[in-house]
Every structure is written in structure tokens, then in C-alpha cells.
Amino acid sequence: MSSQRRALARLASAVGATALVGATLVGGAGVAQAAPLMACQWIDSEYTQTYDCTDPAEGIEYVDVDECWSMPPSSRAYVSTKVTGSPWKKTRDLPVKSSRSAQCSEDFPYRTRIRVPADLLSENAVTRLRLTLPATEGELDDGTPYAYRKTTVKYGVCLMPEDATDWCPRR
């Protein structure tokens, strides 16, 4: 295993059920829909291991893409979006919020949250996100120094009808 991969493994939460804390759905004046929808999300490189959907909801205002980390995420973290056939574009409308979180495990106590508004989502279509954490170094609360290289994680988010018989497409 390369040193960069080891550092990334220490930084990012364990792949699997803990990789995505999950989507948060808020009812209200969200996406107009004929039937309840589920918000589904995944990490691109770990599609089958991280694919997760919420319970169906009548109205969706936004979807939160949360991830837990072992080290504090860079304050310069940003999100890019991609439309099929075009390059990644930095998106200022999707700020990254970082904090310590009780929702994360003790080994990965720092959380990033990307709040995706419903108007960026459509039924059966994938919204592509890329979280970029620039190289960072610092000190943990206990004085332990940390450092990691630039890290990027790509996500897919989509809305599916509650009676869908298949997963959202990967791309």
C-alpha cells in the first residue's frame, strides 16, 4: 500500500456502512413530485459498498451528503459539480460545512456536510459531486500533529421513486 493511500485510509472513514452518514431529507416546498421519492447516494469508487437510500418522502427540500474523517477537514474544502460531457466546475453554491459530530465514530469524529438543494436534483438522474480537501497540516486537540495530501472524493446523488426496482445509475 502506498504512503498516500495509507494517509488517505487514516483520513477518510472506513469504507462501508460508516462511509456515508446518510442523506437528510426535509419535507416542505421542495421538488414537485407525483409520488414519494427516496434520495440515494454513494461514493463513486465504492458504489456497491456505499450505496444508501433514505426512506421515501413526499417533499424534498435538500439532501445532505455527510462523511466522517479521522482528521479535521481543511477549512479550504470545496465542492465541484459535473454535468455529463463537461468538465468539473467549482460550485460556490454548495459550501462544505465541517465540524466534530456525535453521529460519527470515535475513530472518525470530524464530519463534512454538503447540502444539495432539491433544485439541483431530478428524478432518475444522477447529480455528480466532487469534494476536494486541499493538503493540510495541523495539530489535534491532544497536541498530536497531522498532515495529509490533497484528497478528493466523488459522489453520486439521485432521486428514485419509492417503487423503483433498480438502483440509480452509476453515471
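Here the structure is shown first, and the text comes after it.
Let me sum up the structure you'll find in this document. (Residues numbered from 1 in each chain as written. Predicted model: local features only at pLDDT ≥ 70, side-chain atom pairs only at ≥ 80, totals over all residues. Heavy atoms only, no water.)

**Quick look at the sheet that holds strand β2 (residues 52-53)**
Spelled out, the test is: Between any two strands, at least two bridges found by DSSP are needed for them to pair. The secondary structure listing takes helices from DSSP runs of H or I that are at least 4 residues long and strands from runs of E that are at least 2 residues long, numbered from the N terminus.
The 6 strands are arranged β2-β1-β11-β8-β4-β5 in an open sheet whose pairing can be described as antiparallel. The sheet is open, and its two edges are formed by β2 and β5 (89-90), each paired on a single side. For strand β8 (residues 127-133) and strand β11 (residues 151-161), the ladder comprises 7 bridges, and the chain directions are antiparallel. Across the sheet, the residue bridging to L133 is T151, located in β11.

**Overview of the sheet that holds strand β7 (residues 110-117)**
Applicable threshold: Axis lines are fitted to C-alpha atoms, over the contacting stretch for helices. Their N-to-C directions set the angle, which ranges from 0 to 180 degrees.
Taken together, 3 strands build an open sheet; the order of strands is β3-β7-β6 and the sheet is antiparallel. Here the strands that pair on one side only, and so sit at the sheet edges, are β3 (62-69) and β6 (96-100). On average, each strand axis in the sheet is tilted by 25° relative to the strand beside it, whichever way the strands run. Strand direction decides the pairing type here: β3 and β7, joined by 8 bridges, are antiparallel. Its bridge partner lying in β7, Y62 is registered against P117.

**Focus on the state of the cysteines**
Rules: In plain terms, two cysteine sulfur atoms within 2.5 Å form what is called a disulfide here.
Evaluated as defined, the whole model comprises 3 disulfides. Paired by a disulfide, C40 and C53 hold their sulfur atoms 1.9 Å apart. On the sign convention where negative means left-handed, the S-S torsion of about 110° between C40 and C53 marks this disulfide as right-handed. Here C40 is found in strand β1 (residues 37-43), whereas its partner C53 is found in strand β2, with 13 residues between them in sequence.

**Brief notes about the pattern of salt bridges**
Rules: Basic side-chain nitrogens of Lys or Arg form a salt bridge, by our definition, when they fall within 4 Å of a carboxyl oxygen of Asp or Glu. Buried means the residue's accessible area, taken with a 1.4 Å probe over protein chains only, is under 20% of the maximum for its type, while exposed means over 50%, and partly exposed covers the values in between.
Within this structure, the stated rule accounts for 5 salt bridges. Residues D64 and R115 are paired through a salt bridge, measuring 2.7 Å at the closest nitrogen-oxygen approach. In this pair, D64 is assigned in strand β3 and R115 in strand β7, connecting sequence segments 51 residues apart. Residue classification places R115 among the partly exposed positions, given a relative accessible area of 37%. Across the pair R113 and D66 runs a salt bridge, and its minimum N-O distance is 2.8 Å. Of the two residues, R113 sits in strand β7 while D66 sits in strand β3, which places them 47 residues apart along the sequence. Summarising the burial analysis for this pair, R113 and D66 share the class buried.

**A short note on the environment of C53**
The test is simple: Only heavy atoms enter the contact rule, under which two residues are in contact if any of them lie within 4.5 Å.
In this structure C53 comes out as partly exposed when scored by relative accessible area, which is 29%. Once you skip the residues sitting within four places of it in the chain, C53 turns out to touch M38, A39 and C40.

**Considering the side chain of T136**
This is how the line gets drawn: Residues adjacent in sequence count toward polar contacts only when both atoms are side-chain atoms; beyond that, a polar contact is any pair of N or O atoms within 3.5 Å, and within protein one must be able to donate a hydrogen and the other to accept it.
In this fold, T136 is placed in strand β9 (residues 136-139). With relative accessibility at 16%, the residue T136 sits in the buried group. Within the structure, the side chain of T136 is placed 3.4 Å from the side chain of S74, a separation counted as a polar contact. A polar side-chain atom of T136 sits 2.8 Å from the main-chain carbonyl oxygen of P134. Aside from chain neighbours lying at most four places away, what touches T136 is S74, R76, Y146, A147 and Y148.

Purely spatial values, then, with no claim about function.
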